[in-house]
Amino acid sequence: MDSPGNETGVPSKIGDRSTSDVVVRLRTQDGRDDWMYCHSHLLIEKSKYFADRLSENWPTCQILDSRNCVEVYCHESDFDYYVNVLRLLYVGVDGLDVDEIWHGVRNALGILQVAVELGCPQIVTACVKYLEAVPWEEAEEEEILKIIPRMGLQAEPILARLQPVNPSAIMGIFFSVIRFVTSSPPPAMSDLKTSAQEQLEYMLTEDDDAPLLTADDGIKFEVKECVKNLFSRFNNLLETLLCEPVESVCEAGIMQSFQSHLSDLSWAGQILNKLEIMREFVHNWVDASDKIVKVVEQASSTAEITDIKSKVIEVAAKVLEAIGYGTVIMPTAKRLHMVKVWLPFVRVTKPLIDFVTTNSEDALPIKIDGELWQSLESTFVSIILALPSEDQAEILTEWLGSEHIQYPDLIEAFEVWCYRSKVAKRRLSLVTCNNGITHTL
């Protein structure tokens with residue numbers, strides 16, 4: 001490496017003993033001791049540390065090999081970085097802009113730390129420019145976060161990509177993502193859609209860190225509007241599927257689109273539940289329930305029907321849970337209707353899905369685990385027990401006579417109904433009596 005020369009005009013080279021007037025002695029606690037033959041005019045010009053060490057104000061300046069000597073102690077792990085910094089002092093400013101001299105992020109980080117310690121502003125500036133511009137691997141990013149904040153303003157540009165983002169920018173990203181993932185993009189973009197859905201959910205999740213944005217009224221309104229549009233397209237698909245022959249539906253790929261919309265609705269249900277705005281979604285699903293079941297039943301000969309039924313169950317479970325546990329309040333007639341529509345569908349569908357899952361060589365892309373089935377069973381019990389006792393009796397009578405009595409297991413609802421029915425007259429007479437006493441007081 002050549003550098004501008006001294007007063008003789010001859011370029012200086014590190015290690016050139018014939019022109020060197022100073023030895024930098026690099027030493028480590030492990031006993032390593034290397035001599036670097038250098039030139040004082042370069043060290044003084046480009047390093048505050050060496051300028052101080054070679055000044056008249058420095059109390060002791062050793063003489064070694066007929067030259068001034070500066071001893072520098074460092075850790076063994078940093079030794080090569082010190083050597084590199086000394087070599088870079090001999091590189092012109094233009095040469096420091098060449099990416100190849102840094103040999104990667106980790107090496108540049110090591111050089112930067114030494115350059116800061118030795119007060120080498122040109123090297124620091126060039127190193128910061130390099131680290132700010134190049135991509136980092138995950139481990140390198142963690143290392144940067146440990147090192148750079150201690151270096152002050154001069155290294156701050158490196159952290160630009162890690163700085164917190166303006167809330168308005170976050171809001172803009174969120175709106176763009178929710179509009180995209182609920183726009184029913186074509187199948188070729190399914191991987192992109194799935195990734196975007198995962199990131200949007202991550203933005204709203206509280207884990208070790210707070211959510212990336214607060215779900216205010218503006219965000220909730222935008223999400224509801226997007227899901228409303230998604231449901232509108234889903235309803236249009238339902239109408240098409242009910243009007244078209246099964247054969248033409250399959251050929252046109254409409255069932256594939258139907259399945260994709262179901263997946264989007266399932267994901268939307270999770271987001272709406274997280275934001276506590278399930279009401280409109282639940283009402284839309286309740287209103288469409290008859291059509292959904294009819295579409296699935298008339299398409300039962302198509303190859304992908306098991307996958308579709310799995311996804312229908314997944315969405316229905318979210319809706320039924322919101323109704324069963326009072327998240328969304330529905331009138332009695334609609335709650336009863338939901339039981340009459342979905343209880344028969346679920347008990348017929350579960351054996352089919354279990355059979356395919358157990359016996360098919362190709363695993364279902366959509367899997368329903370035991371927890372969902374258990375949760376769905378508990379939800380039915382909860383909804384049934386909140387209905388008038390006469391309606392409960394009708395549902396339980398039909399269940400007890402069904403060949404699918406094992407699932408859903410409504411024995412808990414049956415036990416509670418038996419108890420309530422047996423003690424009803426006594427309990428209500430006591431209430432009437434107590435009310436009478438109250439009135440006579």
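It should be emphasised that the depicted structure is a prediction, and the values quoted were computed from it without experimental measurement.

Scoring rules and cut-offs
Residues numbered from 1 in each chain as written. Predicted model: local features only at pLDDT ≥ 70, side-chain atom pairs only at ≥ 80, totals over all residues. Heavy atoms only, no water. pLDDT = per-residue confidence, 0-100. Helix = DSSP H or I, 4+ residues; strand = E, 2+ residues; numbered from the N terminus. Contact = heavy atoms within 4.5 Å. Buried < 20%, exposed > 50% of the residue type's maximum accessible area, 1.4 Å probe, protein only. Phe/Tyr/Trp six-rings, centres within 6.5 Å; stacked < 30°, edge-to-face > 60°. Salt bridge = Lys/Arg side-chain N within 4 Å of Asp/Glu carboxyl O.

Peer 1: How would you sum up the confidence of the model for the protein chain? Please name residues and give values.
Peer 2: Residue-level pLDDT values for the protein chain average 87, and 86% of them are 70 or greater. Mean pLDDT across the secondary structure elements of the protein chain bottoms out at strand S1 (residues 2–3), with 48, and peaks at helix H16 (residues 389–400), with 95. The low-confidence segment residues 437–441, where pLDDT is below 50, has 0 contacts with residues more than four positions distant or belonging to other chains.

Peer 1: I'd like to hear about the environment of Lys 220, residue by residue, with values.
Peer 2: Looking at the secondary structure, you find Lys 220 in helix H9 (residues 217–243). By relative accessible area, Lys 220 is classed as partly exposed at 23%. Taking the C-alpha atoms as reference, Lys 220 lies 7.4 Å from Ile 277; in sequence the two are 57 residues apart. Lys 220 has contacts with Ala 215, Leu 275 and Ile 277, leaving out every residue within four places of it along the chain.

Peer 1: Could you give an account of the packing of aromatic side chains, with specific residues and numbers?
Peer 2: For the coordinates displayed, the defined rule picks out 10 aromatic pairs. Between Trp 373 and Tyr 407, the aromatic rings sit 5.6 Å apart at their centres with planes inclined by 85 degrees, giving edge-to-face as the arrangement. On the criterion of sequence distance, the pair formed by Trp 373 in helix H15 (residues 370–385) and Tyr 407 in the loop between H16 and helix H17 (411–440) is long-range, its members being 34 residues apart. Of the two residues, Trp 373 and Tyr 407, neither departs from the other in class, the shared state being buried.

Peer 1: Any chance you could break down the pattern of salt bridges for me, citing the residues and the numbers?
Peer 2: According to the stated counting rule, one finds 14 salt bridges in the structure shown. Here Lys 334 makes a salt bridge to Asp 287, at a shortest N to O gap of 3.5 Å. Taken together, the positions of Lys 334 in helix H14 (residues 332–359) and Asp 287 in helix H12 (residues 279–298) put the pair 47 residues apart, joining distant regions of the chain. Several salt bridges converge on common partners, so that one network encompasses Arg 25, Arg 27, Asp 33 and Glu 71.

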